[in-house]
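A structural walkthrough
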Amino acid sequence: MLNKKKLYWFSQFFGWLIYIIFIGIFNILTGNKLSSELIYSLLSIYLIGLLTSHGFRLIIVKLNWMRFNILRLFPRILLGNLVSGIIVYFLKLVFIEIIILQSFEGIKFIDAFADIMNWTFIFLIWSLLYFLFHFITNYQKEEIKNLKWQAAKNEIELNKLKSQLNPHFIFNSMNSIRALINENPTLAKEAITQLSNVLRNSLLMGKQKLIPFNEEMKLVNDYLGLEKTRFEERLTIIKNINSTTENFLVPPLMIQTLVENGIKHGTSKLPNGGILEINSSMSNDKLMIVIYNCGVYHKNEKSETGFGIVNTVQRLKLLFGNKASFEIKNENGKVKTILIIPKETIL
Amino acid sequence: MKAIIIDDERLAREELKNLLLDFPNVEIIAECDSAEAAIAAVDNLKPDVVFLDIHLPGKDGFGVLEELDYTPHVIFVTAYDDYALKAFDVNALDYLLKPIQPERLKEAINKVKDAELEPFSDSQKLGLLNLVFVKDGEKCWFVKLADVPLFESEGNYVRVYFDNNKPLILKSLNNLANRLDENVFFRANRKFIINLNWVEKIESWFNGGLMVKLKNGEQIEISRRQASKLKEMKSL
């Protein structure tokens, strides 16, 4: 900000200095002598130009002309330049013709008109430079904002990938499977298939923007199958899937992440285990997913889950703007997670 | 070697039991599926080693260790290289990653053998070769009692001195005194228990008391009553 201010004053002082130097040289070339009157006149023009243009700028800032688009701005600039031109004409009349040169002979309309037009033109150039500078810097700001948004989006995508492959889950599953190979080879084979599906889908689905809800549920079912193998009778799974919701498009792995959180903070934390319930239904043309798990939700807990929730909210915002909603709360001794997804994305 | 397996997942316990079949010298004396069961079993059965899963429902593995009266050798078992393990001094622990590799299990068991922890029987009290588990905020240690010159009472807590650390453990000094071998760990006064192996110098003090200088530089006054006890013990 300070730099911008410095730049403004620098341009003002030197711009007007260059202007009067040109006028001075022009005067000398056309036969005028470098008299003290000429120097005083030039200095007056310097000060008059500087002060009038600065006054014009104060008005621009005060009335916040920067908010206008070019079409609305242009007439205002023209009018402002004309008024500035008239002001300069009269100031010049007073300071140069009357005080310095003492050659005032009344106002000639033609001369007055020419001089005012001349100064209006000078202020037009001044305005052009002033607004051009502002538009360029604003444009750069917009550009930076855009880049930041892109970076945020990339980060969310990356976080999504990171949260997909939960190493605890993978290695615990492998460990269960190792034990099952002796105990129940059939179940062990099934578990390996489920784990392969989960891994494959985690890798593939992440690349898609949206997938049908029943595809997501296939992944969730494989995932829950593995958790059931691991937790055995400690995990009770309840599913109420409305058939009208099957083809609704959802962001991949989002429901899976929520289910995984439900188990991580429910069943796995409770010595006697607990339920995990998934409900899907349509509500006002939107898909409503409600997940219940045992346990207690601590809002301010800093954990990977907190990170998972933040990521879910960010993804929803990116895809659906404010049309999707996500809520997690304690209800009747359970944790209730509500996810509402609209039909249309904003991208 | 008596061992207890602590893991909330039945299949994980089965898996470890299967792997331990190859080690006839390891006798599994109990399996526990929760923190509470684990604390009771370890204090009652006094195993030489526990295989401890860090993620347990309710209390985690560290919570279990903090509540133990008796600290066996601990081999942590976890599914993933855990942030929780970073709390430890690397040399102070051994841990196994699930699924457990048989070679790593062998190494861990050999480490326990080499650790020369004092075998523990019911009558015996905690001696120089036994461990205490100490947790101070985010940091954890298994400290050999031989390395502890001094215990200091602080209300319901006891401050454990070792190396340059002085963390607190949630135990009363009286409780601790009952469990420590009184031939080595001497109750100097109401506030302190000192490790006699760390004594550098003993001087006479007022009222028939003694002033003990420890090798770590601390000076502890021994009350008159305790001074006569010490003189009797060491026949000074």
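Look up a bit, the structure's there.
Residues numbered from 1 in each chain as written. Chains lettered and ligands numbered in written order. Predicted model: local features only at pLDDT ≥ 70, side-chain atom pairs only at ≥ 80, totals over all residues.

This brings us to the overall build of chain A. Secondary structure summary: chain A contains 9 helices and 7 strands in total. The proportion of buried residues among the 347 residues of chain A is 27%. Long-range contacts, defined as pairs at least 24 residues apart, comprise 74% of the intrachain contacts of chain A with a sequence gap of at least 6. (Helix = DSSP H or I, 4+ residues; strand = E, 2+ residues; numbered from the N terminus. Buried ≥ 20, exposed ≤ 12 C-beta atoms within 10 Å, placed from the backbone. Contact = placed C-beta atoms within 7 Å.)

Along its length, chain B carries 6 helices and 15 strands. Evaluated residue by residue, chain B yields a buried proportion of 34% over its 236 residues. A fraction of 50% describes how many contacts in chain B between residues 6 or more apart in sequence connect residues 24 or more apart.

Residue and element names in this part refer to chain A. Between helix α5 (residues 167-183) and helix α6 (residues 185-205), the shortest axis-to-axis distance is 8 Å and the interhelical angle comes to 155°. In terms of axis orientation, α5 runs roughly antiparallel to α6. The handedness of the crossing between α5 and α6 is left-handed. Residues S173, S176, I177, L180 and I181 of α5 pack against P185, L187, A188, A191, I192 and L195 of α6. The residue inventory of the contact of α5 with α6, partitioned by class, reads 9 nonpolar, 2 polar and no charged. (Axes fitted to C-alpha atoms, helices over the stretch in contact; angles between N-to-C directions. Parallel < 35°, antiparallel > 145°, perpendicular 65-115°, else oblique. Left-handed = near helix turned anticlockwise from the far one by under 90°. Nonpolar A, V, L, I, M, F, W, Y, C, P; charged D, E, K, R; others polar.)

Let's shift gears to the environment of S36 of chain A. If you trace the backbone, S36 of chain A turns up in helix α2 (residues 36-62). Each C-alpha atom, one on S36 of chain A and one on I100 of chain A, is 9.6 Å from the other, the two residues being 64 residues apart in sequence.

Once that is clear, we can look at the nonpolar core. Membership of the largest hydrophobic core comes to 62 residues, with the highest contact counts inside it found for V259 of chain A together with I6, V50, F51 and L52 of chain B. Here this core takes 7 residues from helix α7 (residues 213-231) of chain A, the largest share from any one element. With near-sequence residues (within four places) excluded, I6 of chain B lies in contact with C32, A38, V50, F51, L52 and D53 of chain B. Counting 29 residues, the second-largest nonpolar core is a separate cluster that includes V132, L173, I220 and L230 of chain B. (Core = buried A, V, L, I, M, F, W, Y, C linked by C-beta atoms within 7 Å.)

Turning our eyes to something else, we now look at the sheet that holds strand β9 (residues 157-161) of chain B. All names here are of chain B. Strand order in the open sheet formed by 5 strands is β10-β9-β8-β12-β11, with antiparallel pairing between adjacent strands. The open sheet has two edge strands, β10 (168-169) and β11 (185-187), and neither has a second partner. Both strand β8 (residues 150-154) and strand β12 (residues 192-195) contribute to a ladder of 3 bridges, which runs antiparallel. From the neighbouring strand, F151 faces β12, where its bridge partner is I193. (Pairing = 2+ DSSP bridges.)

Further remarks concern the pairing of strand β7 (residues 334-341) of chain A. Residue and element names in this part refer to chain A. Covered by surrounding structure in β7 are V335, T337, L339 and I341 only, the residues K334, K336, I338 and I340 on the alternate face being uncovered. Where strand β5 (residues 286-294) lies against β7, 8 bridges are found, and the strand directions are antiparallel. Bridge pairing in β7 links C294 to K334. What sits between strand β6 (residues 325-331) and β7 in their antiparallel hairpin is a turn of 2 residues, with N332 showing a positive phi close to 50°.

A few words now on the sheet that holds strand β2 (residues 27-32) of chain B. Residues and elements named next belong to chain B. In space, the 5 strands of this open sheet follow the order β2-β1-β3-β4-β5, with parallel pairing throughout. Each edge of the open sheet is held by one strand with a lone partner, namely β2 and β5 (94-97). Between one strand axis and the next, the sheet turns through 20° on average, direction left out of account. Where strand β1 (residues 2-6) and strand β3 (residues 49-53) come together, 4 bridges link them in parallel fashion. Looking at β3, one finds that I6 is bridged to L52. Helix-sheet contacts for helix α4 (residues 102-114) involve β3, β4 (73-78) and β5, and the interaxial angle to β5 is about 165°.

For the rest of this paragraph, the subject is the interface of chain A and chain B. With 19 residues of chain A at the interface, the matching set in chain B holds 14 residues. When contributions to the side of chain A that touches chain B are tallied by element, the ones reaching two or more residues are α5 and α7 of chain A. By residue number, the principal contributor to the side of chain A that touches chain B is α5 of chain A, which donates 12 residues.

Before going further, it helps to examine the pairing of β9 of chain B. All names here are of chain B. Relative to β9, β8 runs antiparallel, the two being bridged by 5 bridges. Among the inter-strand pairings, E154 is bridged to a residue of β9, identified as Y157. Between β8 and β9, which pair antiparallel one after the other, the connecting turn spans 2 residues, and G155 there sits at a positive phi close to 65°. As paired strands, β9 and β10 are joined by 2 bridges and run antiparallel to one another.

Turning our attention to α5 of chain A. Owing to its 3.6 residues per turn, the α-helix aligns residues three or four sequence positions apart on the same side. Taking 1.5 Å of rise per residue, the 17 residues of α5 of chain A would be expected to cover 24 Å, and the 24 Å separating its terminal C-alpha atoms lies within 8% of that figure. Along α5 of chain A, the residues that are buried comprise F169, N172, S173, N175, S176, I177, A179 and L180 of chain A. Lining the buried residues of α5 of chain A we find α6, α7 and α8 (254-265) of chain A together with α1 (10-20) of chain B. (Expected span 1.5 Å × (residues − 1).)

Moving on to α2 of chain A. The first and last C-alpha atoms of α2 of chain A sit 38 Å apart over 27 residues, in line with the 39 Å expected at 1.5 Å per residue. Once α2 of chain A ends, the next one or two residues include N64 of chain A, with phi positive near 50°.

Time to look at unusual backbone geometry. Cis geometry is found at the peptide bond from K98 of chain B to P99 of chain B, where omega equals -10°. By the secondary structure assignment, P99 of chain B is in the loop between β5 and α4. The phi dihedral of E232 of chain A is positive, around 50°, even though this residue is not glycine. Here E232 of chain A shows up in the loop between α7 and β2 (235-241). Even without being a glycine, D285 of chain A presents a positive backbone phi close to 70°. Take D285 of chain A: it is sitting in the loop between β4 (274-283) and β5. According to the C-beta neighbour criterion, D285 of chain A is exposed, with 9 such atoms within 10 Å.

The next subject is the packing of α7 of chain A against α8 of chain A. All names here are of chain A. The interhelical angle for the contact between α7 and α8, taken along N-to-C directions, is 20°, at an axis separation of 9 Å. On the basis of the axis angle, α7 is roughly parallel to α8. Considering only the axes of α7 and α8, their crossing is right-handed. Across from E216, L219, V220, Y223, L224 and E227 in α7, the residues of α8 making contact are I255, Q256, V259, E260 and I263. Taken together, the residues of the contact of α7 with α8 sort by class into 7 nonpolar, 1 polar and 3 charged.

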